[in-house]
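# Structural features, examined
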Protein chains: 2
Amino acid sequence: MGENEGMDFETMHDRQFEELSGLLDAQRMKALQNRLEEMNEFDVAEFLTEVDTQRMPMVFRLLSKGKAAEVFANLEAPEQELIINSITDSELGAIIEDLYVDDAVDMMEELPANVVKRVMRTATRETRNLINQYLKYPENSAGSIMTAEFVDLKKYMNVREAIARIRRIGEDKETIYTCFVTSADRKLEGVVSVKDLLLNDDETVVGDIMDTNVVFCMTQDDQEEAAEKISDYDLMALPVTDREGRLVGIVTVDDVIDVMEKEATEDFEIMAAMTPSDKPYSRTGAFDIWKNRVPWLLFLMLSATFTTMILNSFEEALAVQTVLIGFVPVIMGTGGNSGAQSSTAIIRSISLGDTEPADVLRVVWKEWRVSILCGVSLAAVNFVKMLLVDRLLMNNLDVTVTVALTVSLAIVLTVMFAKVVGSSLPILAEKIGLDPAVVATPLITTISDAVSLLIYLEIARLLIHV
Amino acid sequence: MGENEGMDFETMHDRQFEELSGLLDAQRMKALQNRLEEMNEFDVAEFLTEVDTQRMPMVFRLLSKGKAAEVFANLEAPEQELIINSITDSELGAIIEDLYVDDAVDMMEELPANVVKRVMRTATRETRNLINQYLKYPENSAGSIMTAEFVDLKKYMNVREAIARIRRIGEDKETIYTCFVTSADRKLEGVVSVKDLLLNDDETVVGDIMDTNVVFCMTQDDQEEAAEKISDYDLMALPVTDREGRLVGIVTVDDVIDVMEKEATEDFEIMAAMTPSDKPYSRTGAFDIWKNRVPWLLFLMLSATFTTMILNSFEEALAVQTVLIGFVPVIMGTGGNSGAQSSTAIIRSISLGDTEPADVLRVVWKEWRVSILCGVSLAAVNFVKMLLVDRLLMNNLDVTVTVALTVSLAIVLTVMFAKVVGSSLPILAEKIGLDPAVVATPLITTISDAVSLLIYLEIARLLIHV
């Protein structure tokens, strides 16, 4: 870092990229190769993504064998495909053998079938079998994100032997810092960290210092569960066992970050009435976006038929008291927003493990009190606003005290209904095994639209005798 | 794990808790103490949270000195306060000295002032100064989440000396796996992993194997930036420097998971028109929830005045063609949902670094095409539905072909407007330095409500001459 002293990381980073582009444009391939070799794989992958598609595969081929696989794992599917299509079978074979099996499986799931076929053909039989086995784990299961490259120790080894083993086999492992102690039949017996090994004497036996109280998950568990355990217990790696308790893989902390981002994105999408997409927005075409969005819009549009029916049945009354029409959107909007607040708060609280189905009464009681506070404040402001602004300032003499009272009362009741329904529906969804995110804003708004209208028009019938 | 073979983790976990409760109820304190000592700190903290408040501090005092601080760091503020109020100054002092400074600072930020005072009084002068220094870093900065407990090496050390140093000072460090190489004046010169050390000969010099291409951040950087770097570069720990390039702390990968969860929660809250809360839902009182929600509801309610004004200005026309009133919620709802889809997709894409302000034209062009696809499909279904269901099935003869055409045309234009505005506003917000999440569903819906109504009523004026 010497020559860049005092410069922030971003400036250094941009400068590095400019330098690399300069070398490429000047065709100084040897110098470019040396610079790329010094860089970390994430930056090299980022640089490759910025190079035009003609020159990109050529730049990739400058990388050394070891670096190539690391960089390859950091690329997105389209770039991976471009490279696969421009290298020889033996180059491709070498990369596949060097990839961690979870990265290879991720890639296979994204690539077109003909490319997958070629990749599988170039892999050794052993790798092919491993990849095929991993591809069989259900999507979003712990098995689908685990990797097979871990350090296994035996409990009769001493610290010196354990460290010697790590030094020997550690090079290709995804993490060496958590080591797994297994029996002769591959059953998981304990874990020991490199920290434990280093902080003990050479002669100490692994069996004496290993932790037998192992946090683990099984291949068929949801990936979110695996992520939660790593996060709760602050683990570097979580062992994954099959149904017989045999250690088959590990999930590492960097996978968790990806899982968490993916799950949060899915929640955002479902809560905005979209089918989750597994590609980022920038790589999804208009037609695919349409397919993810239109079924929900159709469903919600057709659900609004109830609201239409309610309005139609009050048609004649509204024709006489037309002033009431103008406040329909105020009441509906306030109801929708109130419900959205509650449902979002609860959905998030459920997904963070803060609220459970058993809390339903406590939550509804809290939202009930919040809804009275919110409803009364909003109604009071609305009452004053209607009489001061609508009646006095804008001289709309149809806005009488009774009309203002009708709208304000409807606001109180609508907010109370929306908040109680908005908070309880996600919990009920969780209880019956649905994703709580499904009963988010759009659905709550559709329900609260119809109910708020009924409330409003019934109050109007009582007070104004429409 | 021997005796629990084949059992899943959750069953073992529940059984363990039942056993602990049994020991506590039977007052078998010695046995309870032994069991707690074997458990990991997260589970002990979870167990303490489940014990009633009378007995909880007593159970906590069963823990050994080293375990106590670890468990303490895993507790929430209310439990921490309960414990602080029931232990002696010297016990408290010992815990504070054992805490990592980032955990101590987290705690200070949550505890009431009088408790903080007592904690500070029991700490040594050195710890007190360190905590005070950390408390000065702005909220949500990298400085506020970093910790001071890292392993520093010198570049002239060889591998044997480096490992000896790790063995000597590693016990109290938050991570030993990434070591930081600093100059005599504490400037960061490189990083070296324990993996690198273990995979090299004892005589190799640290300066020869360290990576000088260090990814780092500065104390005043946003914590989200630090989290992104750890996630992008798959780091265990990110070094944090001051403005002079001196290494002052590290951010570890487990902090990143917390930051990511917190930031996602904040986005959810802002997008549902709530002021973000720093306490989980279950620990926030009704009055605080009201304070976070009501200002936004008020703002949105008052913004709906525009919609009221538009409806009022068409009052007489609507009194004649009352059939049109019933479809107002269909058009508004469809507009709101369409806009919500686009704004949510873009806000999430921005926060994942997938979309940048420079992409605005590309995004609007894509949403334009999606909106035509969605608008036309919805309008077609609506047209058929109005004539088949509303007119034929429900015998509402006011629903003419012209009326159905009016509503359907309004749907197409509303969806197009909502999607283009919903996608471009978050990008513009990002461009001018606002949080894109602010222009989410509630605001977009309020805008699209007013505009969709104008579109609808203007089309009605043209086609039906209302």
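This one's a predicted model, so the numbers in the text were calculated from it and none came from an experiment. (Residues numbered from 1 in each chain as written. Chains lettered and ligands numbered in written order. Predicted model: local features only at pLDDT ≥ 70, side-chain atom pairs only at ≥ 80, totals over all residues. Heavy atoms only, no water.)

Okay, the overall build of chain A next. Helices and strands together make up the secondary structure of chain A, namely 23 helices and six strands. Radius of gyration (C-alpha) of chain A: 31 Å, far over the 23 Å computed for a compact globule of 466 residues. Principal-axis analysis of the C-alpha atoms gives chain A an extent of 90 × 60 × 50 Å. As displayed, chain A has an accessible area near 19,900 Å², and 55% of this comes from carbon and sulfur atoms. The distance from the centre of the 41 positive side-chain charges to the centre of the 75 negative ones in chain A is 4 Å. (Helix = DSSP H or I, 4+ residues; strand = E, 2+ residues; numbered from the N terminus. Rg over C-alpha atoms; globule rule 2.2 N^0.38 Å. Areas by Shrake-Rupley, 256 points an atom, 1.4 Å probe, with all protein chains shown as cover. Lys, Arg positive; Asp, Glu negative; His and termini not counted. Charge placed at Lys NZ, Arg CZ, Asp CG, Glu CD.)

Chain B puts 131 residues into the contact, and the matching count from chain A is 131 residues. Approximately 11,300 Å² of surface area, both sides summed, lies buried where chain B meets chain A, with 66% of it carried by carbon and sulfur atoms. Taken together, the connections running from chain B to chain A amount to six salt bridges. For the salt bridge of R167 of chain B with D202 of chain A, the shortest nitrogen-to-oxygen distance reads 3.6 Å. Put simply, chain B and chain A have 51 residue pairs in polar contact (both at pLDDT 80 or more) between them. For the side of chain B that touches chain A, the per-class residue count stands at 69 nonpolar, 31 polar and 31 charged. (Contact = heavy atoms within 4.5 Å. Buried area = accessible area lost by both parts, 1.4 Å probe. Salt bridge = Lys/Arg side-chain N within 4 Å of Asp/Glu carboxyl O. Polar contact = N/O pair within 3.5 Å; in protein donor to acceptor, adjacent residues only side chain to side chain. Nonpolar A, V, L, I, M, F, W, Y, C, P; charged D, E, K, R; others polar.)

A word on the packing of helix α17 (residues 286–303) of chain B against helix α23 (residues 441–464) of chain B. Residues and elements named next belong to chain B. Running from N to C, α17 and α23 cross one another at 10°; their axes reach a closest spacing of 10 Å. One element, α17, and the other, α23, form an angle in the roughly parallel class. Judged by residue contacts, F299, L300 and S303 of α17 engage P442, L443 and T446 from α23. (Axes fitted to C-alpha atoms, helices over the stretch in contact; angles between N-to-C directions. Parallel < 35°, antiparallel > 145°, perpendicular 65-115°, else oblique.)

Once chain B is rotated about the relating axis by 180° and shifted along it by 0.0 Å, it coincides with chain A to within an RMSD of 0.2 Å. Overall, the copies show the geometry of a two-fold rotation axis. By C-alpha distance to the rotation axis, the residue of chain B lying nearest is A319 of chain B, at 2.1 Å. An overlap of 100% is found between the interface residues of chain B and their copies at the interface of chain A, pointing to a shared contact surface. (Least-squares fit on C-alpha atoms with pLDDT ≥ 70 in both.)

Residue and element names in this part refer to chain A. By secondary structure assignment, the location of A379 is in helix α21 (residues 360–393). Accessibility expressed as a relative area gives 8% for A379, which makes it buried. The sequence separation of A379 and L454 amounts to 75 residues, and the corresponding C-alpha distance is 17 Å. In this structure A379 touches S408, I411 and V412, once residues within four positions along its chain are discounted. (Buried < 20%, exposed > 50% of the residue type's maximum accessible area, 1.4 Å probe, protein only.)

Looking now at the confidence of the model for chain A. Reading predicted coordinates in detail is not appropriate for stretches of low pLDDT. Overall, the predicted model of chain A reaches an average pLDDT of 89, with 98% of residues at or above 70. Across the interfaces of the predicted complex, the ipTM metric reaches 0.79, alongside a pTM of 0.79. (pLDDT = per-residue confidence, 0-100.)

Buried together is how nonpolar side chains tend to be arranged in soluble globular proteins. One finds L36 of chain A together with L36 of chain B to be the most contacted residues of the largest nonpolar core, which totals 150 residues. In this structure L36 of chain A touches L20, V44, F47, V59, L62, L63 and K67 of chain A, once residues within four positions along its chain are discounted. Counting 94 residues, the second largest nonpolar core, distinct from the first, contains L378, I427 and I455 of chain A together with V370 of chain B. (Core = buried A, V, L, I, M, F, W, Y, C linked by side-chain atoms within 4.5 Å.)

With that out of the way, let us pick up the pattern of salt bridges. Enumeration over the complete set of coordinates arrives at 42 salt bridges over all chains. For D25 of chain B, the salt bridge goes to R55 of chain B, with nearest N and O atoms at 3.1 Å. Linking D25 of chain B in helix α1 (residues 9–25) with R55 of chain B in the loop between α3 (41–50) and α4 (56–60), this pair joins segments that are 30 residues apart in sequence. Residue D25 of chain B is classed as exposed on the basis of its relative accessible area, which comes to 53%. Exposure remark for R55 of chain B: the relative accessible area of 28% places this residue in the partly exposed category. Note that R246 of chain B and D242 of chain B form a salt bridge whose closest N and O atoms lie 3.2 Å from each other. One network of salt bridges, in which partners are shared, links E19, R35 and E38 of chain A.

So, on to the pairing of strand β3 (residues 188–193) of chain B. Residue and element names in this part refer to chain B. Among the six residues that make up β3, six are buried, leaving the element largely enclosed by the rest of the structure. With five bridges connecting them, strand β2 (residues 178–182) and β3 associate as antiparallel partners. By the bridge assignment for β3, T178 is matched with S193. As consecutive antiparallel partners, β2 and β3 are separated by five residues, and within that stretch R186 has a phi angle of approximately 65°, a positive value. (Pairing = 2+ DSSP bridges.)

Residues and elements named next belong to chain A. Taking strand neighbours across the sheet as the criterion, the three strands line up as β4-β5-β6 in an open arrangement whose pairing is mixed. The strands lining the two open edges of the sheet, one partner per strand, are β4 (217–218) and β6 (247–252). Along the sheet face, helix α15 (residues 223–232) touches β4, β5 (237–241) and β6 and points at about 140° away from the line of β5.

Structurally, the position occupied by E70 of chain A is in helix α5 (residues 65–73). Judged by relative accessible area, which is 40%, E70 of chain A ranks as partly exposed.

Throughout the structure, instances matching the rule amount to 18 aromatic pairs over all chains. Note on Y134 of chain B and Y137 of chain B: the rings are 5.8 Å apart at their centroids and 85° apart in plane angle, and the pair reads as edge-to-face. For the pair Y134 of chain B and Y137 of chain B, a shared accessibility class is recorded, and that class is buried. These aromatic residues form a ring-pair network of at least three members: F9 and F42 of chain A together with F216 and Y233 of chain B. The aromatic ring of Y281 of chain A is capped on one face by K366 of chain B, whose charged end is 4.7 Å from the ring centroid. (Phe/Tyr/Trp six-rings, centres within 6.5 Å; stacked < 30°, edge-to-face > 60°. Lys NZ or Arg CZ within 6 Å of the ring centre and 35° of its normal.)

Moving on: the pairing of β5 of chain A. All names here are of chain A. Within β5, five of the five residues are buried, leaving the element largely enclosed by the surrounding structure. Across the two faces of β5 the burial is the same, with A237, P239 and T241 and L238 and V240 all buried. Bridge count between β4 and β5: two bridges; the pairing is parallel. When the sheet's bridge partners are listed, C217 is paired in β5 with V240. In this fold, the crossover linking β4 to β5 by way of α15 has right-handed handedness. Looking at chain direction, β5 and β6 are connected through five bridges and run antiparallel. (Right-handed = clockwise from strand over helix to strand, strands pointing away.)

Hydrogen bonding along the main chain pairs the strands of a sheet, whether they run parallel or antiparallel. Taken together, three strands build an open sheet; the order of strands is β1-β2-β3 (chain B) and the sheet is mixed. Single-partner strands in this sheet number two, and they are β1 (152–153) and β3 of chain B.

What follows deals with helix α6 (residues 77–84) of chain A. All names here are of chain A. Three or more residues of α6 are buried, namely A77, E79, Q80, I83 and I84. Burial along α6 is one-sided: seen end-on, the buried residues are contained in an arc of 160°. Where α6 is buried, its residues touch α3 (41–50), α4 (56–60), α5, α7 (89–98), α8 (101–110) and α9 (113–122). (Arc of directions from axis to C-beta.)

Residues and elements named next belong to chain A. Within the secondary structure, G245 is located in the loop between β5 and β6. The class for G245 is buried, based on a relative accessible area of 14%. When residues no more than four places from it in sequence are discounted, the contact partners of G245 are R186, K187 and L188.

Glancing now at unusual backbone geometry. Residues and elements named next belong to chain B. Although it is not a glycine, A273 sits at a positive phi angle of roughly 60°. Secondary-structure assignment places A273 in the loop between α16 (253–271) and α17. Of the residues examined, A273 reaches a relative accessible area of 4% and is grouped as buried. Of note, the phi angle at N395 is positive, near 55°, even though the residue is not glycine. Structurally, N395 can be placed in the loop between α21 (360–393) and α22 (401–431).

This part takes up the state of the cysteines. Here, disulfide denotes a covalent bond that connects the sulfur atoms of two cysteines. Residue and element names in this part refer to chain A. Considering all chains together, one arrives at zero disulfides over all chains under this definition. Among the cysteines around C217, which has no disulfide bond, C179 carries the closest sulfur, lying 18 Å off. You can call C217 buried: its relative accessible area is 1%. (Disulfide = S-S within 2.5 Å.)

All names here are of chain B. For the pair helix α20 (residues 328–351) and α23, the least separation of the axes is 8 Å and the interaxial angle reads 140°. Here α20 is positioned oblique relative to α23, judged by the angle of their axes. When the axes of α20 and α23 are compared, the crossing they make is right-handed. Only T441, I444, T445, S448, D449, S452, L453 and Y456 of α23 make contact with α20, whose side of the interface consists of V328, I331, M332, G335, G336, G339, A340, S343 and T344. Looking at the contact of α20 with α23, its residues break down into seven nonpolar, nine polar and one charged. (Left-handed = near helix turned anticlockwise from the far one by under 90°.)

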